[in-house]
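Residue-level structural notes
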Amino acid sequence: MLHTLLKSIQKSTRTFSGGIDPEMSKITAAAAIATSMQPQLYILPIKQHIGEACEPIVSVGDHVKWGQKIARSQGYVSVPVHSPTSGKVVKIEEHATPHPSGMGLPSIFIEPDGKDTRDKSLKPIKAYRDTDPTELRERLRLCGIAGLGGAVFPTFIKLLKDNRNPIETLILNGIECEPYLTNDHRLMIEKAKEIIIGIDIIMHMVGAKKAIIAIEDNKPNALEMMQETLEILSESFPDSTRIEVCQLPTRYPQGSEKQLIEVLTGKQVPAGKLPMHIGVICQNVGTSKAIHDAIIKGRPLTERIVTVSGDAVPRPGNMRVRLGTPMRFVFAQHGLETFDHVHLLHGGPMMGEKLKNADVPVVKSTNGLLAMHSTSMKEAHKSEQPCIRCGHCGVVCPVSLVPNLLADQCRNKQFEKAESYDLFDCIECGACSYVCPSNIPLVHYFRYGKGQLAQIGREQNFAHASKQRSEHRDDRIAREKEEKAAKRRVVREKHVAKADDDKTSAGKPDHDKTADHKTADEKKPKTTDKTIQKDKPSPKSPPGKASSGKVSS
Amino acid sequence: MTYLLTTTAAFGAFTLFFAVILAIAGRVFKIEGNPIADNIESLLPQTQCGQCGFPGCKPYAGAVASGEAEVNQCVPGGERTMLQIADLMGVEPKTVEDEATAPMIAFVREDECIGCTLCIKACPVDAIVGAPKQYHTVITEHCTGCTLCVEPCPVDCIDMLIKPELLEHWSWPLPDTHRAQLAIERKGQHASHTS
Amino acid sequence: MTEFAVILLSAVLVNNYVLTKFLGICPFLGVSSKVETAMGMSFAVMFVMTLASTASWLVQQYILIPLDILYLQTIFFILIIASLVQFIEMMIHKTSPVLYQGLGIFLPLITTNCAVLGVALLNIQQDNTFITSALYGFGAAVGFALVLILFAGLRERIEHAPIPEAFKGSPISLITAGMMSLAFLGFSGLVKF
């Protein structure tokens, strides 16, 4: 009794270091998930996950069904892309993606026929408990499932039953610590059963002993819903006792994988390692629902829940949007038609990226679409002042870095030094930029530094490869020269010997003549061929050049 | 007199003692080659372009190490390489006079190529493939953009194109820079080149 | 035992050669722009100082006093120091060419580092025994290394700090050195003789 009490006290007080309490502005928390209408045209970039891009397997004019695979993955860290509706492929060309660069990717454009005919090639697997985890894993890959929390890492890679790293705990991430976003919150209320079945599938796949659904205390109705559903399911579900719902105090960035693991298990994931190395895996609630759909219903990932919010959106809400729907169309359904003096954010306000315009499609990573008035953005982004060394950034950093020092190093291009101060451990949560009284865009500097370091690495690899190629070439040229000289020597010696034998000519024989003489020999033709070929351009080119010179003069 | 002799003898013996030690040390710590040249070479971009006035990266590295060349002669390496070399050599940084252009790659207009193999011979990193009287082509991922193949081509069928920037290789610009804008412009230029 | 500890502590902190006795200022300002070179320099000086102080004590006791040629003291000591510096120079050139290049002229200049000769002479002045003089030399070298590396770390951070234009470069370095010296003043009274 006392033991369990002590345990519960420990659990509630445990937290991660750093963090902030931003204003949550979860204005869409009570808005039920609406379903988006069909747009005129779907735009599907061939890469919507972290990893290698896909290759289109349909061509213009093809008719595709809803859920049909339209681009296949190349490489291991990759998942395919599926058609979000039935219709016709109208074109395949480059189109802007929701990426901070504003650069484009080859995209497949599909015009819906309005019938929504489903592709039924993937059969539902109802008895997943009797199915081999490898088969389920392949199914998840085929269904294009990637982490829907925002990182979009291909899910099947994480769900590996590995005897070297046995998984103890599955953590289901229902934290949603980003302000404004409520898509996971609504999903937990409306699709609790699917999420829990998804958990059971994951537990079966990795052999986890227990699962924790982590929910922050600003979503009490989601917590109740999950608990109730667990109770209801417990009759038909023998393993539901191994699933536990855990309430955590609201704190940003608790939804970050490594921070959440630290809070719930007390263990830290070492730098450069993955959670599975300490026997934990973490999945987003949305991913769990997508896993349920893929296994139980045999449906690939073609839609996701998106929170459309921000002070410039007249009717904010949550919406089930098919992947590939242009954002302009999504905003229009919430009453936002013109984008003058409006800033668009892809993701939440802390970690989201600014969009150049609304003509980009919703992709697998789109958890929120925010539209802010320029004035409110300007208030948040004042011009940068010198660092006053107050140390707030270091206090709030959840990974215990020294942001002001790192930003200084990145700004002054001391990238190697920044790397030695663990720049790559930064999770870009934005807590440091949020608290900075001098309005230094710290995270922006870190992103710059990380990009430059990656660039330097690529350049070094390229230089190394070039050096090797250049050395190989020098070796080859030297070797060829030597071989040629050796062959000439052999020919000459033979000729001299012959001449001595014949005692006919005393002078040096002509080289070409010798070669002609030897053609009868079995081994020699190669030599002569080569020498002639190599010699050819040199005697020919000078006269050619000379004559052209004459003509011009 | 004896005093003077003992003093001289003592001092001489003392000096000789250290001379012997240093002579032995000189043998033990004998240096072969110029080790700093290898360190410099590892900093160079290995384009083998010869823009420094030396026939390749290795000769230039050797020249810098022996003090025959300045630290600022590597054009493709730009400011970063210059700073690294200056740092290694312990000398004051100098400005790189020639501005490095955007990364380039060679492109053979295959319709016009006569298959003379002259560009293949000129390429320092074996990035052009082809056979006599066959079209030649540039392996883009191996091309260093050194432009050495442009000059030998008798029919001027080699163009230097700006290397297209990949989405995966895009990196954040410094806050408040216009690099992203420039990248988009460059991409537009590239598109007009290739079309 | 306490005596040894006191000697070491006083040499490292209280009577720090650089910040209290103001000896060895040349390399202190010259090679403190980077932590790595400062560490290399510290290692070299530690080697030279410890050996020089023991060797000079031996020479003093067994050559100079018996032969009554104390007036040759400076020449003998400098000879020892110069030989040691030559030796370490060869060693560094062989083992770490980059460090050798980084130290540049300051490596042979250890010969004229007044802290090294100062240690040798002060050993004689203080009538140290063989053990205590070795310890004193080592302690002084550790004190030098400590201050040099701390100062290099500070300078590395100051280099890109937004300081007024007029203070950039040497001025801010000298101000920093002065403030460090003030800070080390706080150690006086730690050890009472």
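Keep in mind it's a predicted model, so treat the numbers as computed, not measured.

What counts, and where the lines are drawn
Residues numbered from 1 in each chain as written. Chains lettered and ligands numbered in written order. Predicted model: local features only at pLDDT ≥ 70, side-chain atom pairs only at ≥ 80, totals over all residues. Heavy atoms only, no water. Domains from an automatic or database assignment. Buried area = accessible area lost by both parts, 1.4 Å probe. Salt bridge = Lys/Arg side-chain N within 4 Å of Asp/Glu carboxyl O. Polar contact = N/O pair within 3.5 Å; in protein donor to acceptor, adjacent residues only side chain to side chain. Helix = DSSP H or I, 4+ residues; strand = E, 2+ residues; numbered from the N terminus. Buried < 20%, exposed > 50% of the residue type's maximum accessible area, 1.4 Å probe, protein only. Contact = heavy atoms within 4.5 Å. Nonpolar A, V, L, I, M, F, W, Y, C, P; charged D, E, K, R; others polar. Phe/Tyr/Trp six-rings, centres within 6.5 Å; stacked < 30°, edge-to-face > 60°. Lys NZ or Arg CZ within 6 Å of the ring centre and 35° of its normal. Pairing = 2+ DSSP bridges. Core = buried A, V, L, I, M, F, W, Y, C linked by side-chain atoms within 4.5 Å.

Moving on, we come to the domain arrangement of chain A. Residue and element names in this part refer to chain A. Domain assignment breaks chain A into domain 1 (12-37 + 125-355) and domain 2 (382-482). For domain 1 and domain 2, the distance between their C-alpha centres works out to 31 Å. Taken over both partners, the interface formed by domain 1 and domain 2 buries close to 1,000 Å², and the fraction arising from carbon and sulfur atoms is 56%. The tally of links between domain 1 and domain 2 comes to zero salt bridges. Viewed at the interface, domain 2 and domain 1 are joined by three residue pairs in polar contact (both at pLDDT 80 or more).

Residue and element names in this part refer to chain A. Omega for the peptide link from tyrosine 252 to proline 253 comes to 0°, which places this bond in the cis form. Within the secondary structure, proline 253 sits in the loop between strand S11 (243-248) and helix H7 (257-265). The backbone phi angle of glutamate 176 is positive, close to 45°, even though this residue is not glycine. Position of glutamate 176 relative to the elements: it lies in the loop between strand S9 (169-174) and helix H4 (183-190). The exposure class assigned to glutamate 176 is buried, which follows from its relative accessible area of 8%. The phi dihedral of serine 400 is positive, around 55°, even though this residue is not glycine. Structurally, serine 400 can be placed in the loop between helix H11 (392-396) and helix H12 (403-411). Classification of serine 400 as exposed rests on a relative accessible area of 53%.

What follows covers the interface of chain A and chain B. Interfaces are often sized by the amount of accessible area the parts lose when they come together. Each side of the interface is counted separately: chain A has 31 residues, and chain B has 32 residues. For the pair chain A and chain B, the number of links is three salt bridges. One salt bridge in this structure joins glutamate 41 of chain B and lysine 467 of chain A, with 3.6 Å as the shortest N-O distance. For the side of chain A that touches chain B, the element with the most residues is helix H15 (residues 442-502) of chain A, which contributes 18 residues. Broken down by class, the residue content of the side of chain A that touches chain B amounts to nine nonpolar, nine polar and 13 charged.

Turning our attention to the packing of aromatic side chains. Summed over the entire model, instances satisfying the criterion amount to 16 aromatic pairs over all chains. Plain terms: the ring middles of phenylalanine 14 of chain B and phenylalanine 76 of chain C are 4.7 Å apart, the flat faces sit at 35° to each other, and that makes the pair tilted. You can see phenylalanine 14 of chain B sitting in helix H1 (residues 2-28) and its partner phenylalanine 76 of chain C sitting in helix H4 (residues 73-95), one on each of two chains. In this structure, phenylalanine 14 of chain B and phenylalanine 76 of chain C share a single accessibility class: buried. Ring pairs connect the aromatic residues Phe11, Phe14, Phe17 and Phe18 of chain B together with Phe76 of chain C, which therefore count as one cluster. The ring of tryptophan 66 of chain A carries arginine 118 of chain A above its face, with NZ or CZ at 3.7 Å from the centroid. Directly above the aromatic system of tyrosine 445 of chain A lies the positively charged group of arginine 411 of chain A, at a separation of 4.7 Å from the ring centroid.

Counting residues at the interface gives four residues for chain C, matched by seven residues for chain A. In this assembly, chain C packs against chain A so that about 520 Å² is buried in total across both faces, 43% of it on carbon and sulfur atoms. Linking chain C with chain A are one salt bridge, by the criterion used here. For the side of chain C that touches chain A, the class distribution of residues is one nonpolar, one polar and two charged.

Before going further, it helps to examine the sheet that holds strand S8 (residues 104-112) of chain A. Read across the open sheet, the four strands follow the order S2-S8-S7-S4 (chain A); overall the sheet is antiparallel. On the outer flanks of this sheet lie strand S2 (42-45) and strand S4 (63-64) of chain A, each paired with one strand and no other.

Residues and elements named next belong to chain A. In terms of nonpolar packing, the biggest core is built from 84 residues, with Leu140, Ile199, Met226 and Phe331 touching the most fellow members. The element that contributes the greatest number of residues to this core is helix H5 (residues 192-206), accounting for ten residues. For phenylalanine 331, the contacting residues outside a window of four places in its chain are Val308, Val313, Leu336, Phe339, Leu344, Leu369, Leu370 and Ala371.

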